[in-house]
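# Summary of the model geometry
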Number of protein chains: 4
Amino acid sequence: MAELPKTNIATSDAESITVRGRDLVNELMGRHSYTEVLYFLIAGRMPNVGETRVLDACLVTLMEHGLTPSAIVTRLVADNVPDEPQAALAAGLLTVGNVFVGTMEGCARILKIGVETDGDAEAYCRDVVEAHRQERRALPGFGHPIHKPDDPRPPRLFAIAAEAGCEGRYIALLKILSAELDRRAGRHLTINATGAIAALLLEIGLPAESLRGIAVVSRAGGLVGHLLEERATHSGRAIWKLVDDSIPYEDPEA
Amino acid sequence: MAELPKTNIATSDAESITVRGRDLVNELMGRHSYTEVLYFLIAGRMPNVGETRVLDACLVTLMEHGLTPSAIVTRLVADNVPDEPQAALAAGLLTVGNVFVGTMEGCARILKIGVETDGDAEAYCRDVVEAHRQERRALPGFGHPIHKPDDPRPPRLFAIAAEAGCEGRYIALLKILSAELDRRAGRHLTINATGAIAALLLEIGLPAESLRGIAVVSRAGGLVGHLLEERATHSGRAIWKLVDDSIPYEDPEA
Amino acid sequence: MAELPKTNIATSDAESITVRGRDLVNELMGRHSYTEVLYFLIAGRMPNVGETRVLDACLVTLMEHGLTPSAIVTRLVADNVPDEPQAALAAGLLTVGNVFVGTMEGCARILKIGVETDGDAEAYCRDVVEAHRQERRALPGFGHPIHKPDDPRPPRLFAIAAEAGCEGRYIALLKILSAELDRRAGRHLTINATGAIAALLLEIGLPAESLRGIAVVSRAGGLVGHLLEERATHSGRAIWKLVDDSIPYEDPEA
Amino acid sequence: MAELPKTNIATSDAESITVRGRDLVNELMGRHSYTEVLYFLIAGRMPNVGETRVLDACLVTLMEHGLTPSAIVTRLVADNVPDEPQAALAAGLLTVGNVFVGTMEGCARILKIGVETDGDAEAYCRDVVEAHRQERRALPGFGHPIHKPDDPRPPRLFAIAAEAGCEGRYIALLKILSAELDRRAGRHLTINATGAIAALLLEIGLPAESLRGIAVVSRAGGLVGHLLEERATHSGRAIWKLVDDSIPYEDPEA
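Residues numbered from 1 in each chain as written. Chains lettered and ligands numbered in written order. Predicted model: local features only at pLDDT ≥ 70, side-chain atom pairs only at ≥ 80, totals over all residues. Heavy atoms only, no water.

### Quick notes on the overall build of chain A
- Across its full length, chain A holds 12 helices and 3 strands.
- Each of the 254 residues in chain A was classed as buried or not, and the buried ones make up 65%.
- Looking at chain A alone, contacts between residues at least 24 apart form 72% of all its contacts between residues at least 6 apart.
- Working note: accessible area of chain A is about 9,200 Å², and carbon and sulfur atoms make up 49% of it.
- The average position of the 26 basic charges and that of the 35 acidic charges among the side chains of chain A differ by 5 Å. (Helix = DSSP H or I, 4+ residues; strand = E, 2+ residues; numbered from the N terminus. Buried < 20%, exposed > 50% of the residue type's maximum accessible area, 1.4 Å probe, protein only. Contact = heavy atoms within 4.5 Å. Areas by Shrake-Rupley, 256 points an atom, 1.4 Å probe, with all protein chains shown as cover. Lys, Arg positive; Asp, Glu negative; His and termini not counted. Charge placed at Lys NZ, Arg CZ, Asp CG, Glu CD.)

### Structural notes on the interface of chain B and chain A
- Between chain B and chain A, the residue contacts involve 89 residues of the former and 89 residues of the latter.
- Between chain B and chain A lies a buried interface of about 7,000 Å² when both sides are counted; carbon and sulfur atoms form 72% of it.
- On the surface where chain B and chain A come into contact, there are 2 salt bridges.
- Between E84 of chain A and R212 of chain B there is a salt bridge, and its shortest N-O distance comes to 2.8 Å.
- The tally of links from chain B across to chain A stands at 32 residue pairs in polar contact (both at pLDDT 80 or more).
- For the side of chain B that touches chain A, the leading source of residues is helix α11 (residues 211-233) of chain B, giving 15 residues. (Buried area = accessible area lost by both parts, 1.4 Å probe. Salt bridge = Lys/Arg side-chain N within 4 Å of Asp/Glu carboxyl O. Polar contact = N/O pair within 3.5 Å; in protein donor to acceptor, adjacent residues only side chain to side chain.)

### Things to note about the environment of R169 of chain C
- Inspection of the secondary structure assignment puts R169 of chain C in helix α9 (residues 169-185).
- In terms of polar contacts, R169 of chain C uses its side chain to reach the side chain of D118 of chain C, at 2.7 Å.

### Examining the sheet that holds strand β3 (residues 22-23) of chain C
Residues and elements named next belong to chain C.
- Within the open sheet, the 3 strands sit side by side as β1-β2-β3. Their pairing is antiparallel. The open sheet is flanked by β1 (10-13) and β3, the only strands paired with a single partner.
- Taken together, the 2 bridges between strand β2 (residues 16-19) and β3 define a ladder with antiparallel strand orientation. Bridging from a neighbouring strand, V19 pairs with R22 of β3. (Pairing = 2+ DSSP bridges.)

### Overview of the packing of helix α6 (residues 103-117) of chain D against helix α10 (residues 193-203) of chain D
Residues and elements named next belong to chain D.
- Between α6 and α10, the least distance of the axes is 8 Å, while the angle of their chain directions is 50°. Of the possible angle classes, the one that applies to α6 and α10 is oblique. For the element pair α6 and α10, the recorded crossing hand is right-handed. Across the interface between the two elements, T103, M104, C107, A108, L111 and K112 from α6 touch T194, G195, I197, A198, A199, L201 and L202 from α10. (Axes fitted to C-alpha atoms, helices over the stretch in contact; angles between N-to-C directions. Parallel < 35°, antiparallel > 145°, perpendicular 65-115°, else oblique. Left-handed = near helix turned anticlockwise from the far one by under 90°.)

### Re the interface of chain C and chain D
- In this complex, chain C contributes 89 residues to the contact, which on the side of chain D involves 89 residues.
- Seen at the junction of chain C and chain D, the total is 2 salt bridges.
- Inspection of the region where chain C meets chain D yields 32 residue pairs in polar contact (both at pLDDT 80 or more).
- Of the residues assigned to the side of chain C that touches chain D, the class counts are 42 nonpolar, 25 polar and 22 charged. (Nonpolar A, V, L, I, M, F, W, Y, C, P; charged D, E, K, R; others polar.)

### Brief notes about the environment of A199 of chain B
Residue and element names in this part refer to chain B.
- Tracing the sequence through the fold places A199 in helix α10 (residues 193-203).
- With relative accessibility at 0%, the residue A199 sits in the buried group.
- C-alpha separation for the pair A199 and A121, spaced 78 residues apart in sequence, amounts to 15 Å.
- Excluding residues that lie within four positions of it along the chain, A199 makes contacts with L111, Y170, I171 and L174.

### Examining the relation of the copies chain C and chain D
- Superposing chain C onto chain D takes a rotation of 180° plus a shift of 0.0 Å along the axis, which leaves an RMSD of 0.0 Å. What the superposition gives is, in effect, a two-fold axis relating one chain to the other. In terms of C-alpha distance to the rotation axis, chain C has A90 of chain C as its closest residue, with the C-alpha 2.2 Å off the axis. (Least-squares fit on C-alpha atoms with pLDDT ≥ 70 in both.)

### What about α11 of chain B?
All names here are of chain B.
- If you check α11, its first and last C-alpha atoms are 33 Å apart, about what 23 residues at 1.5 Å a residue would give, namely 33 Å.
- Of all the 23 residues making up α11, 20 are buried; the element is thus mostly covered by neighbouring parts of the structure.
- Where α11 ends, the next residue or the one after it, H234, has phi of about 50°, a positive value. (Expected span 1.5 Å × (residues − 1).)

### Section: the relation of the copies chain B and chain A
- Here chain B sits on chain A after a turn of 180° about the axis and a move of 0.0 Å along it, with an RMSD of 0.0 Å.
- A share of 100% of the interface residues of chain B reappears at the interface of chain A, consistent with the copies meeting face to face through the same patch.

### Remarks on the pattern of salt bridges
- Under the defined criterion, the tally for this structure stands at 56 salt bridges over all chains.
- The salt bridge partner of E163 of chain D is R53 of chain D, with a shortest N-O separation of 2.9 Å. Here E163 of chain D is found in helix α8 (residues 153-163), whereas its partner R53 of chain D is found in helix α3 (residues 49-61), with 110 residues between them in sequence.
- Residue R53 of chain D is classed as partly exposed on the basis of its relative accessible area of 25%.
- Notably, a salt bridge pairs R183 of chain D with E180 of chain D, separated by 3.0 Å at the nearest N-O pair. Here the residue R183 of chain D and the residue E180 of chain D both occupy positions in helix α9 (residues 169-185), the gap between them amounting to 3 residues, near one helical turn.
- The exposure class of R183 of chain D is exposed, given its relative accessible area of 53%.
- Judged by relative accessible area, E180 of chain D falls into the buried class, the value being 8%.
- Among the ionic contacts, a cluster of salt bridges with common partners joins E84 of chain A together with E105 and R212 of chain B.

Here it is, written out as structure tokens:
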């Protein structure tokens, strides 16, 4: 028989549900917001007011950006599977992948190592920028196809962190990294939202491994809005026709 | 070319992102919690303090219930796909289906019709209970395999709604329905968490069509915790072995 | 501890794998085609030559229809998750839902009941058509948005079934149903591919409950082609831009 | 407006469907097996008899291995979402990830480079084995937790390839790699099924990028069997209870 690990997450009996040592009904429901309990499930302790404000800001930042692939996918699946809407949401959430959102974890790793090694920050950032240039890899957390020259979200996120008393070494290091990148590239590349969120979530003590999950939660909320609009406008059918009409077939032998 | 609908959800340009008419950076980020913006995306207006408290309580209620199918699925997929964690979350969320969570929508529909027809509530509930008995269908929002005789969550949810000034006709009707069900069945069947949540979300003005999405958001938060524990304990491998060892093969010809 | 069912599907030890009583290595691999083993896993016996030909024809029929929602979804997810391609395939397969493909099961149920009751086929079909008209529901297996007045696939499928010696009462009943529908509607509505496939799969002894799975297998093969083309053409990025540019934002207050 | 690529895959009009230049109805349906059309969609040409036999053998090999994570996940989701069975299949297919099945692509890449560089095969294999040892990475395509000392599937796959006239340089290189690995490790590690399949699929001219897709198609067929057994045995409910009963909760503060 398999040797099984234990779980620290939850248990229940007929009369109660216990979540990480707290009574769900009497200690969590009605006493803590969703954002606080999300933090609690990830970090194992309740956040203070500042940490909650920062996590809320990060969650709100990624909820909506219009007709992104996640929204398009959710609409197309919802049109085909109207009676099990979680299928449309799950399909949309599958797009929250390494190419765009994974940059959050990549940036977090760079910041984490930099803060942990605790040496000359400029030298560390110079080396990181150089290594990425040599391997012709984009530096995670920088650049945006639409928001040029500057993504409007990071300055606001930094201001929120400062107001919340959560501005520390990760944000500082990200700014140094940004300066080094600009210097070496000879032009300005914006810190983008995923880069700034990576720094903020590290500031409030969340592990790099939780970042994708937080992005998924955020996006899930946004996709509920698209699901409801899809019911009203039936955009899925129109998107299908638009794409099919716009991508011409060419005989492979031609 | 296809005739395309419009969207009311979001747009962006180089310098700004607009979400349902509000500036994301200056009007939403740092000013509203995730729960408030979720409400805003669903209802088209910001919730008041009481409505936010009720939505938070509903979201927190469904986040965790231990090793449910959603958590088991997320752990198994995470063990096989560690580098794209949204795949494990999406797979787990696919379990948020009609059999268990869909009862929220079923219960909401009954409550909505009852409140809208606005006649004799007892008579309405009696008819609903009778119709379900005759078709041998379970009344959605009632009964629980573990929480017997009473699910501990609904009384707390009703208390939170009352404190928040959000206790109205939907909750009242659910209680009448409960009394009629018990009377007709000749025994007590608990109002369960999905039934109570259905009533509370209707009280705060959310449409029945949004309920599944809200359940998915709630569960997504809980599954982030399971994803992190999976990285630490590798339960997925052990669950696989446990199940494989426990379900014996029998020759189909035997 | 839970009472666990047995499985008839497969078992293995260090030296062998047994699938439904057969030795995978010596009795299945190299001796039977994928289609034959698929039939074997569903029906519990190997198909004869005619049954294999019919199942192959049904599988081939649904593999490709160009830029359908399943293909668009797979392309969008593949663009975001290039390193775990099963995520793109799984997302695409989620579109194989009740709205379009579920008509296969709906049609199969009608045919199955009709053949089992074994009475006056014309009368049965007349009643079925009438019941759908009165409930204003489309008759599953009929009509096609593009293939008007006739879907070219059903006649070919019927011819293949006849050649394979698998044309029997289900196909006959489908044709009577078609005649009754046309008579009652006063115009011609084509039998579509899902209707014809439903009849053919019943003719070769497969259960109605297996039809969705067979459609998923078929579509999975087609989507592999889209996955490979996506790697070459990066259509996902272009589809995103196309949709985002084509669906205008309108202020919800406006 | 976006610049859109073309597609070589399929197009249709009212009377016909064209797939990669062939008429679906008259040239593919009833004339070619599912396996042949799968090859055609991937490679752009129809396979010969030997290539078809090899692809069929590879597809059959991975269809079934009992209660693997993919089967457990499919059963759990099917229990919660009985009316949209593609959700259960899609969830199960999400497990076809880099950890186990991705070794097919890893092994294929090693074989491809080795055959393309076309130098001293022993020296190439020695270098590959050494590089993996130094980075403490498992060599993809070797070793199996159950099938020790030898996976029974590869010898059969090699025999099928030989009979089909498809045994060439990739299989030869895989065998040299195996000998080098054993020599360097000082003990025998089996070539596993994914390693052998990688070699066979390269022998029949399929690109390494198609391997995951082929594995997904194969597994999809196997999961249809689990879906049907789930309907009969309701194992999902029992698996849930088994796992929940077997993984004890431990207070995180304890």
